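What follows is the residue order along each chain.
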Amino acid sequence: QKEVEQNSGPLSVPEGAIASLNCTYSDRGSQSFFWYRQYSGKSPELIMSIYSNGDKEDGRFTAQLNKASQYVSLLIRDSQPSDSATYLCAAGYFTGGGNKLTFGTGTQLKVEL
Amino acid sequence: EPEVTQTPSHQVTQMGQEVILRCVPISNHLYFYWYRQILGQKVEFLVSFYNNEISEKSEIFDDQFSVERPDGSNFTLKIRSTKLEDSAMYFCASSERAGTSDEQFFGPGTRLTVL
């Protein structure tokens, strides 16, 4: 059973601070990793993808992957109230005809004024 | 910016009825997916579709479910004889590639309520 684990939170950070979100995955066959943002009642919105060990930066977001530890993280710098949402970590497993994504339960982030 | 669209946004049906959920993936994408999210729970994979056939399906995707790409733009999920526990948000997603460089983009979802 492929699992992705996240702390459900809520994680509260003050505006302007760095928010750190973490995720672990069980399947070493997973080849791609994603962070999605989901506002209440809305669909997942892709923020970052990462495929190899190390860091990947995109604007205020940095994703980190450590395949040996089966660990993925997302850092959000200069957090804004609009960043308040649930952040979903997903691991992708290539099946030949597509990538099956396994999602975690999500971490709720609250950015406080 | 291209996006995945889904219709209807909300579908209410009686238990035992059939429903068809519709999706228009991003036009140059080749891989199509359905996921569902029961209220308060995680997003769950249902099925992936490529080259006009199912490439992977989860244990949730039993004989009650079917998918089809009836033309060059639409991708549908049919649920026969709906059950109360089918009530959920259903998301369609698409990707241009698969393997180690795919990114799946999700549609806005269809909220299915089975009464």
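Above this text is the structure in question.
Predicted model only: the values in this text are computed from it and were never measured.

The next point concerns the overall build of chain A. Within chain A, the regular secondary structure consists of zero helices and eleven strands. Counting helices and strands in the order they occur from the N terminus, chain A gives β-β-β-β-β-β-β-β-β-β-β. Taken over the C-alpha trace, chain A has a radius of gyration of 14 Å; the compact-globule value for 113 residues is 13 Å, and the two agree within 12%. Here chain A holds 113 residues, and 47% of them are scored as buried. Long-range pairs, those at least 24 residues apart, make up 54% of the contacts in chain A between residues at least 6 apart in sequence. As presented, chain A carries roughly 5100 Å² of accessible surface, and 45% of it is formed by carbon and sulfur atoms. For chain A, the centre of its 10 positive side-chain charges and the centre of its 11 negative side-chain charges are spaced 7 Å apart.

Here we take up the sheet that holds strand 8 (residues 75–79) of chain B. Residue and element names in this part refer to chain B. Ordered in space as 1-3-8-7, the four strands form an open sheet in which the pairing is antiparallel. Of all strands in the sheet, those with a lone pairing partner are strand 1 (5–7) and strand 7 (65–68), marking the two edges. The average angle at which neighbouring strand axes cross in this sheet is 20°, direction not considered. Here strand 7 pairs with strand 8 via four bridges, running antiparallel. Bridge pairing in strand 8 places Phe65 opposite Ile79.

Residue and element names in this part refer to chain B. In terms of residue burial, strand 4 (residues 31–37) counts as a mostly covered element, since seven of its seven residues are buried. Burial along strand 4 is two-sided: the residues Tyr31, Tyr33, Tyr35 and Gln37 and Phe32, Trp34 and Arg36 are all buried. As defined by bridge partners, strand 4 adjoins strand 5 (residues 43–50) across seven bridges and the pair is classed as antiparallel. Bridge pairing in strand 5 places Gln37 opposite Val43. Pairing between strand 4 and strand 9 (residues 88–95): seven bridges, direction antiparallel. Its bridge partner being in strand 9, Tyr33 is matched across the sheet by Ala93.

To continue, consider the interface of chain B and chain A. Contacts between chain B and chain A engage 23 residues on the former and 24 residues on the latter. Buried area between chain B and chain A, summed over both chains or domains, comes out near 1900 Å², and the portion from carbon and sulfur atoms is 55%. Summed over the shared surface of chain B and chain A, the result is one salt bridge. Measuring nitrogen to oxygen at the nearest pair gives 3.9 Å for the salt bridge that ties Lys42 of chain B to Glu3 of chain A. Our enumeration of links across chain B and chain A arrives at ten residue pairs in polar contact (both at pLDDT 80 or more). Elements that contribute at least two residues to the side of chain B that touches chain A include exactly strand 4, strand 5, strand 6 (53–57) and strand 10 (105–106) of chain B. For the side of chain B that touches chain A, the residue count by class is eleven nonpolar, eight polar and four charged.

Looking now at the environment of Lys2 of chain A. Residues and elements named next belong to chain A. The residue Lys2 is located in the segment before strand 1 (4–5) in this model. Judged by its relative accessible area of 35%, Lys2 falls in the partly exposed class. Remark: the alpha-carbon pair of Lys2 and Ala91, spanning 89 residues in sequence, is separated by 9.1 Å. Ignoring anything within four residues of it in the chain, the contact list for Lys2 reads Ser26, Asp27, Tyr93 and Thr102.

Turning to the sheet that holds strand 6 (residues 54–58) of chain A, a few remarks are in order. Residue and element names in this part refer to chain A. Spatially, five strands are ordered 1-3-8-7-6 in an open sheet, and the strand pairing comes out antiparallel. On the outer flanks of this sheet lie strand 1 and strand 6, each paired with one strand and no other. Summarising the sheet, strand 6 and strand 7 (residues 61–66) pair through five bridges and their orientation is antiparallel. Note on strand 7: the bridge partner recorded for Lys56 is Ala63.

Before going further, it helps to examine the state of the cysteines. All names here are of chain A. For the structure on display, the rule yields two disulfides over all chains. The disulfide partner of Cys23 is Cys89, and the gap between their sulfur atoms is 2.0 Å. Between Cys23 and Cys89 the disulfide shows an S-S torsion of about -65°. By sign, it is left-handed. Residue Cys23 is located in strand 3 (residues 19–25), and its partner Cys89 is located in strand 9 (residues 85–94); the two are separated by 66 residues in the primary sequence. Each member of the pair, Cys23 together with Cys89, is buried.

The rules behind the values
- Residues numbered from 1 in each chain as written.
- Chains lettered and ligands numbered in written order.
- Predicted model: local features only at pLDDT ≥ 70, side-chain atom pairs only at ≥ 80, totals over all residues.
- Heavy atoms only, no water.
- Helix = DSSP H or I, 4+ residues; strand = E, 2+ residues; numbered from the N terminus.
- Rg over C-alpha atoms; globule rule 2.2 N^0.38 Å.
- Buried < 20%, exposed > 50% of the residue type's maximum accessible area, 1.4 Å probe, protein only.
- Contact = heavy atoms within 4.5 Å.
- Areas by Shrake-Rupley, 256 points an atom, 1.4 Å probe, with all protein chains shown as cover.
- Lys, Arg positive; Asp, Glu negative; His and termini not counted.
- Charge placed at Lys NZ, Arg CZ, Asp CG, Glu CD.
- Pairing = 2+ DSSP bridges.
- Axes fitted to C-alpha atoms, helices over the stretch in contact; angles between N-to-C directions.
- Buried area = accessible area lost by both parts, 1.4 Å probe.
- Salt bridge = Lys/Arg side-chain N within 4 Å of Asp/Glu carboxyl O.
- Polar contact = N/O pair within 3.5 Å; in protein donor to acceptor, adjacent residues only side chain to side chain.
- Nonpolar A, V, L, I, M, F, W, Y, C, P; charged D, E, K, R; others polar.
- Disulfide = S-S within 2.5 Å.

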